[in-house]
Amino acid sequence: MNELIYVYAVARPFEAGGQAAPTGVGGLPARPFEHGGLTAVVSDVRAEDFEEAPLRRRLEDLEWLAETARAHESVVRAVSAVTGVVPLRLATVCRGESGVRRLLDEGRHRFTTNLDRLEGRVEWGVKLYAEPEPDRASAAEPAPGPPPRGGDGTASPGRDYLRRRMRSRQTREQNWARADALARQLHTELSRCADGQRLHRPQSGQLARASGVNVLNAAFLVRREESDAFVGQVERLTPRDASVRVELTGPWAPYSFADLSEQQDAPPRQVRQEAHEGRAGA
């Protein structure tokens, strides 16, 4: 049986410039594999992890998945520092070198088109989190009980409590409205200084890995030489407001902008799976 080969990205032939080979999935070094004017960045992987049946089980192991995603991203980042790349999906695996050649041959048009379009560009991620005010009226004190008998009606703990609840609710609604308006402004203004943009679904639960509620989760395609200006624009648009928080990540290889949708017609012996939010730190 032929060995399994993990494919991280596709590039045009490049010189590593004396850099050490990055460590790939499973601790083995990644290497370039040239064929027909394209280079696949690959490493060997164990069949007991990446054959179709065990891979399906492995993808349900969050610890293994996170470790694999970090190794995948580390290799792609190292190569993208040297040349333009088309990053492939997490856990793209071919059977032997013949499978890698088949992948490059059948995807040649898509790979070259993407390399032309993405040359000299990187991806920046921008997330906006809303930090709503806590409901102090309900957290600080319980709802008042019935007023004592015989009261003259001049004091009304119940009305005071309801007023505080109303003010707290209005504050939260104002914060949500401010976060929504800022998200729209960020997306509009940053799109003007980028070559492309993608809106991803807001993250929640374990995927968010941050406090607050994710209101905006966007990616922007930016020319590498214009990255400093893009970062400066994000900083200028970020308000000094404790009710919202802007998170900027990057520069990444252009994961969100590699259009490989037709790759669903890949060779039947190729094992490929996608893990949601597999990119480390995305």
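Remember, predicted model here, so these are calculated numbers, not experimental data. (Residues numbered from 1 in each chain as written. Predicted model: local features only at pLDDT ≥ 70, side-chain atom pairs only at ≥ 80, totals over all residues. Heavy atoms only, no water.)

A.B. asks: Please clarify how the nonpolar core should be interpreted in this entry.
C.D. replies: Grouped burial of nonpolar side chains is what soluble globular proteins tend to show. Within the largest apolar cluster, 26 residues are counted, with the highest numbers of intra-cluster contacts made by Y6, Y8 and F50. Of all the elements in the fold, those that place two or more residues in this core are β1 (4-11), β3 (38-45) and α3 (62-80). Ranked by the residues each element gives to this core, the list is headed by α3, at seven residues. (Core = buried A, V, L, I, M, F, W, Y, C linked by side-chain atoms within 4.5 Å. Buried < 20%, exposed > 50% of the residue type's maximum accessible area, 1.4 Å probe, protein only. Helix = DSSP H or I, 4+ residues; strand = E, 2+ residues; numbered from the N terminus.)

A.B. asks: Teacher, can you tell me more about the side chain of R95 here?
C.D. replies: Position of R95 relative to the elements: it lies in strand β5 (residues 92-95). One polar contact links R95 to E51, side chain to side chain, over a distance of 2.9 Å. (Polar contact = N/O pair within 3.5 Å; in protein donor to acceptor, adjacent residues only side chain to side chain.)

A.B. asks: Sorry, what's going on with the packing of aromatic side chains here?
C.D. replies: Geometrically, a pair of aromatic rings is defined through the distance of the ring centres and the angle of the planes. Applying the stated rule across the entire model yields five aromatic pairs. Between F50 and W64, the aromatic rings sit 5.5 Å apart at their centres with planes inclined by 50°, giving tilted as the arrangement. Linking F50 in helix α1 (residues 47-50) with W64 in helix α3, this pair joins segments that are 14 residues apart in sequence. Through a chain of ring-to-ring contacts, three or more aromatic side chains come together here, namely Y6, Y8, F50 and W64. (Phe/Tyr/Trp six-rings, centres within 6.5 Å; stacked < 30°, edge-to-face > 60°.)

A.B. asks: Just to check I follow, could you spell out the side chain of S80 for this structure?
C.D. replies: Topologically, S80 is positioned in helix α3. Classification of S80 by relative accessible area gives buried; the value is 13%. Once residues within four sequence positions are removed from consideration, S80 is found in contact with V85, R224 and A253. (Contact = heavy atoms within 4.5 Å.)

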